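Fold and geometry: a report
Take a look at the letters that make up each chain.
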Amino acid sequence: MIHSSSAEATINRASDSKQERKRIIPISLVPWVFLAPALVLFAIYVLYPIINSFNLSLYQWDGMGEKVWVGFENYIELFDSETFYTALTNNLLWLVMFMLAPPIGLAIALFLNQEVKGIRLIKALFFFPFVISQVIVGLVFTWFYDPSLGLLNSILAFFGAEPIALLSSDQYVTYGIIAAGLWPQIAYCMILYLTGLNNLNPELIEAARLDNAKGFKLLRHIILPQLSPATFIAVVVTVIGALRSFDLVATMTAGGPWGSSTVLAYMMYEQSIFNYRMGYGAAIAVVLFLIMAIYIAFFLTRMLRSEK
């Protein structure tokens, strides 16, 4: 018995040593090996363009000739520009009003998360705006706002109000474009919350109901904490969508009238493509990136603190 057990131990040690010799990569490095392709793509298509934009913002370049080092002159000119402050104000307005998308999307998701005859058709109708191109959304709302043939002014005329040339008004044009952008954004948030509602823990809900929790109290203390991952994604994507708003502005007004509806993304495009000022456009991109990064970092920090 003693000889057999010692023989088995010797065989096990021999097999372990063979496995260690065969193991080329340490176990601690295995996750990094699997992550390596994604990290390489992330570095090429995300990190490198960000770093290159920072570098390009310090030059004056028309996109074809030689780059001329100008230091921070692009930033000094940018902060002295009235158009920049108009675009920044519009971006902040987009950011504030786009924050309506997550709560409205949650309300619609709660309404649609029930077993009722025909609810699938209603879900498809609410989902429809999300699959439409932003350019198509812009064209549809341009026709909707048309002062002579648009549905908006037909509704206003029905109630006895004067027609409004919404996209020609420097006072209301930004609100009209934001309303067009909210339509698909609400649909996206609704999809996120519908997915989250389907993954709720039914035992927690049942236990809360046994404790006589219902209505808003059940929503606040039981359902919303379980939806925090969906809320995080909805808020981050909504912030990014608000700050990089370009398609609708380009389609509906091209920054007009008189530059009153321009945003930082469209200003960057206009300066880089039409005015051949790549360095100046890169400076605008850097400012936009920093605003986005600061806001998302602030929200992420608050969310992590609340979870702790």
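Residues numbered from 1 in each chain as written. Predicted model: local features only at pLDDT ≥ 70, side-chain atom pairs only at ≥ 80, totals over all residues. Heavy atoms only, no water.

1. A closer look at the pattern of salt bridges
Rules: Any carboxyl oxygen of Asp or Glu that lies within 4 Å of a side-chain nitrogen of Lys or Arg is treated as forming a salt bridge with it. Helix and strand definitions here come from DSSP, where helices need a minimum of 4 consecutive H or I residues and strands a minimum of 2 consecutive E residues; each element is numbered from the N-terminal end. Exposure classes here rest on a 1.4 Å probe applied to the protein chains alone. A residue is buried below 20% of its type maximum, exposed above 50%, and partly exposed in between.
Summed over the entire model, instances satisfying the criterion amount to one salt bridge. Note that Arg-277 and Glu-77 form a salt bridge whose closest N and O atoms lie 2.8 Å from each other. With Arg-277 in the loop between helix 14 (264-274) and helix 15 (278-307) and Glu-77 in helix 3 (residues 73-79), the pair connects residues that are 200 residues apart, well separated along the chain. The partly exposed category is assigned to Glu-77, whose relative accessible area is 35%.

2. Things to note about the environment of Leu-197
This is how it is decided: For this analysis, residues touch if any pair of their heavy atoms sits within 4.5 Å.
With respect to the helices and strands, Leu-197 occurs in helix 9 (residues 173-197). Setting aside anything within four residues of it in sequence, one finds Leu-197 in contact with Ala-109, Leu-110, Asn-113, Ile-223 and Leu-227.

3. As for the packing of helix 4 (residues 82-98) against helix 12 (residues 228-243)
In plain terms, the rule: What counts as an axis is a line fitted to C-alpha atoms, over the stretch in contact for a helix, and the angles between N-to-C directions run from 0 to 180 degrees. Angles are sorted into four bins: roughly parallel if under 35 degrees, roughly antiparallel if over 145, roughly perpendicular if 65 to 115, and oblique for all others. Each crossing gets its handedness from the near helix: less than a right angle anticlockwise from the far helix is left-handed, clockwise is right-handed. Amino acids are sorted into nonpolar (Ala, Val, Leu, Ile, Met, Phe, Trp, Tyr, Cys and Pro), charged (Asp, Glu, Lys and Arg) and polar (every other residue, Gly among them).
At their nearest, the axes of helix 4 and helix 12 sit 8 Å apart, and the two run at 150° to each other. Relative to helix 12, the element helix 4 lies roughly antiparallel. Considering the relative orientation of helix 4 and helix 12, their crossing is right-handed. Together, Asn-91, Trp-94, Leu-95 and Phe-98 of helix 4 and Thr-238, Val-239, Gly-241, Ala-242 and Leu-243 of helix 12 make up the contact between the two elements. Taken together, the residues of the contact of helix 4 with helix 12 sort by class into six nonpolar, three polar and no charged.

4. A look at the confidence of the model for the protein chain
How we decide: Within a predicted model, pLDDT stands for the predictor's per-residue confidence, ranging from 0 to 100.
Chain-level statistics for the protein chain give a pLDDT mean of 84 and a share of 92% at 70 or above. Looking over the protein chain, one finds the lowest element-wise mean pLDDT in helix 1 (residues 2-22), namely 53, and the highest in helix 3, namely 93.

5. As for helix 7 (residues 134-144)
Formally: For this quantity, the arc is that covered by the directions from the helix axis to the C-beta atoms.
Looking only at helix 7, the buried set comprises Val-137, Gly-138 and Phe-141. The arc enclosing the buried residues of helix 7, seen along the axis, measures out at 100°, which places them on a common side. Structurally, helix 7 contributes buried residues whose contacts are with helix 9 and helix 13 (247-252).

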